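Here's the letter readout for the chains.
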Amino acid sequence: SLSLTLCLSVSLFSQVSLVILVLRKGSTVNALEISILSIGLLFCFFWAMLGFYAVRKESNNLMYLFNVLSLLEIVYIIFKCVNIVEHWSEYKTDHVEKLAYTLYCVAALAIVVRGILLYVAETVRRDFGHGLQEHLG
């Protein structure tokens, strides 16, 4: 399941990038942003470990949970992009506007990778019970 591992790695990277990009004002961090960063990073690592463990144990229930959480992340990404559009006047300073454009690029990449990941995860889930566990040891 090398393709799933690769998708998990790329997706985790894009996810961590998105969590960090919630910072609006560069180096100034308020309490809400600290909370989002802390919870978001913990969620990223929980999500990645859940995917790894679900495949390792060939657990349909854990794989369904992994897929649902992956879909929720897509919803969060879209929410974040819409939020930027709605508050565009706050992003008009030069460096913050560039950050918003960077967020859009990372968001698009994250959605594409997440879609590929969901497809690969579902393909792997369908193969549960066909010898994957014996190959993993």
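It should be noted that the structure appears before, not after, this text.
Just so you know, these numbers come straight off a predicted model, no measurement behind them.

### Description of the side chain of N67
Inference 1: Of note, N67 is situated in helix α3 (residues 60-86).
Inference 2: For N67, the contacting residues outside a window of four places in its chain are L118, A121 and E122.

### Observations concerning the environment of R56
Inference 1: Inspection of the secondary structure assignment puts R56 in helix α2 (residues 31-57).
Inference 2: Exposure remark for R56: the relative accessible area of 33% places this residue in the partly exposed category.

### Observations concerning the environment of G129
Inference 1: Mapped onto the elements of the fold, G129 is located in the loop between α4 (94-126) and α5 (132-136).
Inference 2: For G129 and E58, which are 71 residues apart along the polypeptide, the C-alpha to C-alpha distance reads 7.4 Å.

### Side note on the packing of aromatic side chains
Inference 1: Counted under the stated rule, the structure contains two aromatic pairs.
Inference 2: Relative to F79, the ring of Y76 lies with its centre 6.5 Å away and its plane at 40°, an arrangement referred to as tilted. Within this pair, Y76 and its partner F79 are both found in helix α3, separated by three residues, close to a single helical turn.
Inference 3: Using a relative accessible area of 34% as the deciding quantity, one classes Y76 as partly exposed.
Inference 4: Its end group placed over the ring of W47, R114 keeps NZ or CZ at 4.8 Å from the ring centre.

### Some points on a nonpolar patch on the surface
Inference 1: On the surface, a cluster of nonpolar side chains totalling about 390 Å² of accessible area is made up of L32, I36, Y76 and F79.
Inference 2: When you line up the elements, I36 lands in helix α2.

### Things to note about α3
Inference 1: A rise of 1.5 Å per residue sets the reference length of α3, with its 27 residues, at 39 Å; its end C-alpha atoms lie 39 Å apart and thus fit the reference within 8%.
Inference 2: Of the positions making up α3, those classed as buried are M63, F66, N67, L69, S70, E73, I74, I77, K80, C81, N83 and I84.

### Notes on the pattern of salt bridges
Inference 1: Scanning the entire structure with this criterion turns up three salt bridges.
Inference 2: A salt bridge links E122 to R125, with the shortest nitrogen-to-oxygen separation between them at 2.6 Å. One end of the pair is E122 and the other is R125, both in helix α4 and three residues apart, which spans about a single turn. Exposure class is identical for E122 and R125. Each is buried.
Inference 3: For the salt bridge of R126 with E122, the shortest nitrogen-to-oxygen distance reads 3.6 Å. Of the two residues, R126 and E122 both sit in helix α4, four residues apart, roughly one turn of that helix.
Inference 4: Residue R126 is classed as exposed on the basis of its relative accessible area, which comes to 56%.
Inference 5: In the salt-bridge network here, residues are joined through shared partners; they are E122, R125 and R126.

So, how was this worked out
- Residues numbered from 1 in each chain as written.
- Predicted model: local features only at pLDDT ≥ 70, side-chain atom pairs only at ≥ 80, totals over all residues.
- Heavy atoms only, no water.
- Helix = DSSP H or I, 4+ residues; strand = E, 2+ residues; numbered from the N terminus.
- Contact = heavy atoms within 4.5 Å.
- Buried < 20%, exposed > 50% of the residue type's maximum accessible area, 1.4 Å probe, protein only.
- Phe/Tyr/Trp six-rings, centres within 6.5 Å; stacked < 30°, edge-to-face > 60°.
- Lys NZ or Arg CZ within 6 Å of the ring centre and 35° of its normal.
- Patch = residues over 30% accessible without salt bridge, like charges linked within 9 Å, V, L, I, M, F, W, Y side chains within 5 Å.
- Areas by Shrake-Rupley, 256 points an atom, 1.4 Å probe, with all protein chains shown as cover.
- Salt bridge = Lys/Arg side-chain N within 4 Å of Asp/Glu carboxyl O.
- Expected span 1.5 Å × (residues − 1).

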